[in-house]
Amino acid sequence: VAEADIISTVEFNYSGDLLATGDKGGRVVIFQREQENKSRPHSRGEYNVYSTFQSHEPEFDYLKSLEIEEKINKIRWLPQQNAAHFLLSTNDKTIKLWKISERDKRAEGYNLKDEDGRLRDPFRITALRVPILKPMDLMVEASPRRIFANAHTYHINSISVNSDHETYLSADDLRINLWHLEITDRSFNIVDIKPANMEELTEVITAAEFHPHHCNVFVYSSSKGTIRLCDMRSSALCDRHSKFFEEPEDPSSRSFFSEIISSISDVKFSHSGRYMMTRDYLSVKVWDLNMENRPVETYQVHEYLRSKLCSLYENDCIFDKFECCWNGSDSAIMTGSYNNFFRMFDRNTRRDITLEASRESSKPRAILKPRKVCTGGKRKKDEISVDSLDFNKKILHTAWHPMENIIAVAATNNLYIFQDKIN
Amino acid sequence: MAAPLGTGARAEEPGQEKQDMQEKETVTPERAEEAKLKAKYPNLGQKPGGSDFLMKRLQKGQKYFDSGDYNMAKAKMKNKQLPSAGPDKNLVTGDHIPTPQDLPQRKSSLVTSKLAG
């Protein structure tokens, strides 16, 4: 697998009509959902390529001897305000605002230039004409409108658009900055956890997100498994949190791995804004924003890995950063696992399911078969044993359509889009 | 881990269950894994989730490129054909001019090499 093709982020836009993916090679590919079409009834709901462009290029910081990867860490869409679509894409150091617009008309009959673009000799022009607009084949253009650079010493892990639609935050390992979408030469630092002496560093910021409705509230998660909620109205620098979420740990079960597997790799508010979900190495937790001392729900993603932590540490898999997502109504959550498995949990029925995203197990329009991992003893037919799991096939990035039961699952260099059965 | 809320959304940890029943005779799976790791790498850090791990994370992307070496080598090679990177990109010695692109990704391992004892 060419490393550049590995998908590093997946995100639906607000309407769900567009789906963007970013990859390690710095490219963005946008898919668009096909409109309902009577002549091709089966293609309704299919996503086809709409636009693709090179968002970021590899860079080398000679002063610091730092290689800056072009890998797209996150893409976040802006709410649509006119015919064009806007999204923010970021690598480790630079955030870019891209405008994606359609062009389906072309002007013809210019006075000063020929149809092929050559300038006409002004002395030969004897009459004036008005250029007319003629239809042309749809062309989708992507252009960078803003480049937000040089504000992060460490590696950007998150961006989040504010509900005010004017500002957004970007978070790196130690700091969070607030930007205005129109202003690229300045950003405000709102969180700074860098200790005066780096030897005292004990935790880093792993993810951050704005509240979906309250434009003054955001949360950030840490490598120690804690989440801090901050209110920008209380002070300009939000080093002191308004709320601190942490589940108490049973000291007798503490081990070398405890802190590492408690590191939160993703945090997402529910659409309602009342809950938030965090993903750590082995589980997904749902927190009520009104209760700081423990989550209200905990879902085990792949508990069978607890007895494999030694080898997962040796092959670095223990540091894999899985994302998680809510469905549109906040009734279900989804996250990825290994062996191209992904898991979905229904919060109401408490049922969960494991599915696989691979060519072998999914033909177009076939129904996915639930998968099961067996942890020991006799392996039933159709089950897979823990030792047979392929840890190179990890599903780190998944996305759920904002309104319908359509999900996008990135399996290394492949993108799978699954839908509910259409009756 | 703390006792879960809710109606059984969380599966019972087999290790935890065992520990409740057999007072300290059986080790939790996590502790067993920890013992395995310590056996393999006895010198593994005193602060497991602390500085080493975090420093590695913060230093991602560090490549060592000396512009002095680069320019000296370029000057020496002025009259000769510039050699290409060659099949073994890790070999950056001799007359080969190092460029940022063909420096090996220096990923320091948290687990000390067995050679280092």
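Scroll up to find the structure.
On a predicted model such as this, the values are computed, not experimentally measured, just so you know.

S.K.: I would appreciate a short explanation of unusual backbone geometry in the present structure.
M.R.: Negative phi values dominate among residues other than glycine, just as trans dominates among peptide bonds. Residue and element names in this part refer to chain A. At Asn 339, a residue that is not glycine, the phi angle is positive and equals roughly 60°. The topology assignment puts Asn 339 in the loop between strand 24 (332–336) and strand 25 (341–346). Judged by relative accessible area, Asn 339 falls into the buried class, the value being 9%. Positive phi is not limited to glycine here, since Asn 340 has a value of about 60°. Counting through the fold element by element, Asn 340 comes out in the loop between strand 24 and strand 25.

S.K.: Just to check I follow, could you spell out the state of the cysteines for this structure?
M.R.: Each disulfide consists of one covalent bond between the sulfur atoms belonging to two cysteines. All names here are of chain A. Summed over the entire model, instances satisfying the criterion amount to zero disulfides over all chains. The structure places no disulfide on Cys 310, whose sulfur is separated from the nearest cysteine sulfur, that of Cys 317, by 13 Å. Classification of Cys 310 by relative accessible area gives buried; the value is 2%.

S.K.: Can you help me understand the sheet that holds strand 18 (residues 243–245) of chain A in this one?
M.R.: Through backbone hydrogen bonds, the strands of a sheet pair up, either in parallel or in antiparallel fashion. All names here are of chain A. In spatial order, the strands read 15-16-17-18; together these four strands make up an open sheet with antiparallel pairing. Only two strands of the sheet have a single partner each, and these edge strands are strand 15 (205–210) and strand 18. If you compare each strand with its neighbour and ignore which way they point, the axes differ by 20° on average. Where strand 15 meets strand 16 (residues 217–222), five bridges bridge the pair, whose relative direction is antiparallel. Counterpart to Ala 207 in the pairing with strand 16 is Ser 221.

S.K.: Explain the environment of A:Ile72 to me, please; I cannot follow it from the model alone.
M.R.: All names here are of chain A. Note that Ile 72 resides in the loop between strand 6 (66–68) and strand 7 (74–77). In sequence terms Ile 72 and Val 130 are 58 residues apart; their C-alpha atoms lie 44 Å from each other. Once residues within four sequence positions are removed from consideration, Ile 72 is found in contact with Ser 8, Thr 9, Gly 22, Asp 23, Gly 26, Arg 27, Ser 55, His 56, Ser 89 and Thr 90.

S.K.: I tried to follow the packing of aromatic side chains on my own but got confused; where do I start?
M.R.: Each pair of aromatic rings is reported with the distance of its centres and the angle of its planes. Residues and elements named next belong to chain A. Under the counting rule described, the total for this entry stands at 19 aromatic pairs over all chains. With 5.3 Å between their ring centres and 85° between their planes, Phe 322 and Tyr 338 make a pair best called edge-to-face. Linking Phe 322 in the loop between helix 2 (309–314) and strand 23 (324–326) with Tyr 338 in the loop between strand 24 and strand 25, this pair joins segments that are 16 residues apart in sequence. The two residues Phe 322 and Tyr 338 agree in class, both being buried. Three or more aromatic residues joined by ring pairs make a cluster, and in this case those are Phe 256, Phe 257, Tyr 313 and Phe 319. In this arrangement the basic side chain of Lys 113 is found over the ring face of Tyr 110, its NZ or CZ atom lying 4.5 Å from the centre. Looking at Arg 347, its charged tip hangs above the ring of Tyr 275, at a distance of 4.8 Å from the centre.

S.K.: Please clarify how the nonpolar core should be interpreted in this entry.
M.R.: Soluble, globular proteins show a tendency: their nonpolar side chains are buried together. Counting residues in hydrophobic clusters, the biggest one holds 34 residues, and the most contacted among them are A:Tyr281, A:Leu305, A:Leu312, A:Tyr313, A:Ile318, A:Leu389 and B:Leu37. The set of elements that each furnish at least two residues to this core consists of helix 1 (258–262) and helix 2 of chain A together with helix 3 (51–58) of chain B. The greatest single-element share of this core, amounting to four residues, is contributed by helix 2 of chain A. Ignoring sequence-local partners within four residues, the contact set of A:Ile318 consists of A:Phe257, A:Ile260, A:Ile261, A:Tyr281, A:Leu309, A:Leu312 and A:Tyr313. Within the second largest apolar cluster, 15 residues are counted, among which are A:Ala332, A:Ile395, A:Trp400 and A:Tyr416.

S.K.: Whenever I open this one, the sheet that holds strand 14 (residues 183–192) of chain A confuses me. Can you help?
M.R.: Residues and elements named next belong to chain A. Overall, antiparallel pairing links the four strands, which are arranged 11-12-13-14 in an open sheet. If you trace the sheet from one side to the other, it starts and ends with strand 11 (158–161) and strand 14, each paired once. Along the sheet, successive strands turn relative to each other by an average axial angle of 25°, direction set aside.

S.K.: I would appreciate a short explanation of the pattern of salt bridges in the present structure.
M.R.: Tallying each qualifying case throughout the model produces 35 salt bridges over all chains. Where A:Glu259 meets A:Arg254, a salt bridge forms, and the shortest distance between an N and an O atom there is 3.8 Å. Take A:Glu259: its relative accessible area is 15%, and that puts it in the buried class. Here B:Lys40 ties to A:Glu314 by a salt bridge, and the two come within 2.9 Å at their closest N and O atoms.

Scoring rules and cut-offs
- Residues numbered from 1 in each chain as written.
- Chains lettered and ligands numbered in written order.
- Predicted model: local features only at pLDDT ≥ 70, side-chain atom pairs only at ≥ 80, totals over all residues.
- Heavy atoms only, no water.
- Helix = DSSP H or I, 4+ residues; strand = E, 2+ residues; numbered from the N terminus.
- Buried < 20%, exposed > 50% of the residue type's maximum accessible area, 1.4 Å probe, protein only.
- Disulfide = S-S within 2.5 Å.
- Pairing = 2+ DSSP bridges.
- Axes fitted to C-alpha atoms, helices over the stretch in contact; angles between N-to-C directions.
- Contact = heavy atoms within 4.5 Å.
- Phe/Tyr/Trp six-rings, centres within 6.5 Å; stacked < 30°, edge-to-face > 60°.
- Lys NZ or Arg CZ within 6 Å of the ring centre and 35° of its normal.
- Core = buried A, V, L, I, M, F, W, Y, C linked by side-chain atoms within 4.5 Å.
- Salt bridge = Lys/Arg side-chain N within 4 Å of Asp/Glu carboxyl O.

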